[in-house]
Amino acid sequence: MKRIVALMPALLLSSMLAQASSAEAWKKSHETMVQACINASHLSKVRVLGDAIEYDDTTGYSVLLLEGRYPQRHMQNQRGRELCLFQRSSGRASVSEADKLRWVK
């Protein structure tokens, strides 16, 4: 019984350390988000503009701004933007037209 009590602080510390994500895990998560957003996009030649906006874990979403070209014939290859909402828990991405967004300098 004394051994269990003596080991308890070490077990608690190790469980807290296990919850921290490594730099590699963050990188892989970001790559997954970018790929999911590109796959969900309706634009051609899509690229990510700027950095992701990361909401806290209670919300569980990240946002990316995408830019590309409209592939529809009537759009005449016009440049367009989309906002991608990425749900981190499920890995699902949803896009919406964002041509009305303006850059802040």
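Look up a bit, the structure's there.
Residues numbered from 1 in each chain as written. Predicted model: local features only at pLDDT ≥ 70, side-chain atom pairs only at ≥ 80, totals over all residues. Heavy atoms only, no water.

Novice: Would you take a moment to explain the sheet that holds strand 3 (residues 79–87) for this structure?
Specialist: Either a parallel or an antiparallel arrangement is found when strands of a sheet pair, and the pairing is made through backbone hydrogen bonds. Taken together, 4 strands build an open sheet; the order of strands is 1-2-3-4 and the sheet is antiparallel. Edge positions in the sheet fall to strand 1 (44–54) and strand 4 (92–97), since each has one partner strand and no second. Strand-to-strand twist across the sheet, computed as the mean angle between neighbouring axes with direction ignored, equals 25°. Judged from the 6 bridges that link them, strand 3 and strand 4 form a sheet pairing that is antiparallel. (Pairing = 2+ DSSP bridges. Helix = DSSP H or I, 4+ residues; strand = E, 2+ residues; numbered from the N terminus. Axes fitted to C-alpha atoms, helices over the stretch in contact; angles between N-to-C directions.)

Novice: Help me understand the nonpolar core in this model?
Specialist: For soluble globular proteins, nonpolar side chains are generally found buried alongside one another. Among the nonpolar cores identified, the biggest contains 12 residues, and these are Met33, Val34, Ala36, Cys37, Leu43, Val46, Leu64, Leu66, Tyr70, Cys84, Phe86 and Val95. Among the elements of the structure, helix 2 (23–40), strand 2 (61–69) and strand 3 are those that each provide at least two residues to this core. No other element matches helix 2, which puts 4 residues into this core. Setting aside residues up to four positions removed in sequence, Phe86 forms contacts with Thr32, Met33, Ala36, Cys37, Gly60, Tyr61, Ser62, Gly91, Arg92 and Ala93. (Core = buried A, V, L, I, M, F, W, Y, C linked by side-chain atoms within 4.5 Å. Buried < 20%, exposed > 50% of the residue type's maximum accessible area, 1.4 Å probe, protein only. Contact = heavy atoms within 4.5 Å.)

Novice: What should I look at first to understand the side chain of Glu67 in this one?
Specialist: With respect to the element layout, Glu67 can be found in strand 2. For Glu67, the side chain forms a polar contact with the side chain of Arg47, separated by 2.8 Å. Separated by 3.3 Å, the side chains of Glu67 and Arg79 make a polar contact. In this view, Glu67 contacts Leu43, Lys45, Val46, Arg47, Leu49, Arg79, Gly80 and Arg81; residues no more than four positions away in its chain are not counted. (Polar contact = N/O pair within 3.5 Å; in protein donor to acceptor, adjacent residues only side chain to side chain.)

Novice: Sorry, what's going on with the environment of His30 here?
Specialist: When you line up the elements, His30 lands in helix 2. Sequence separation of His30 and Ser62 is 32 residues, and the distance between their C-alpha atoms is 9.6 Å.

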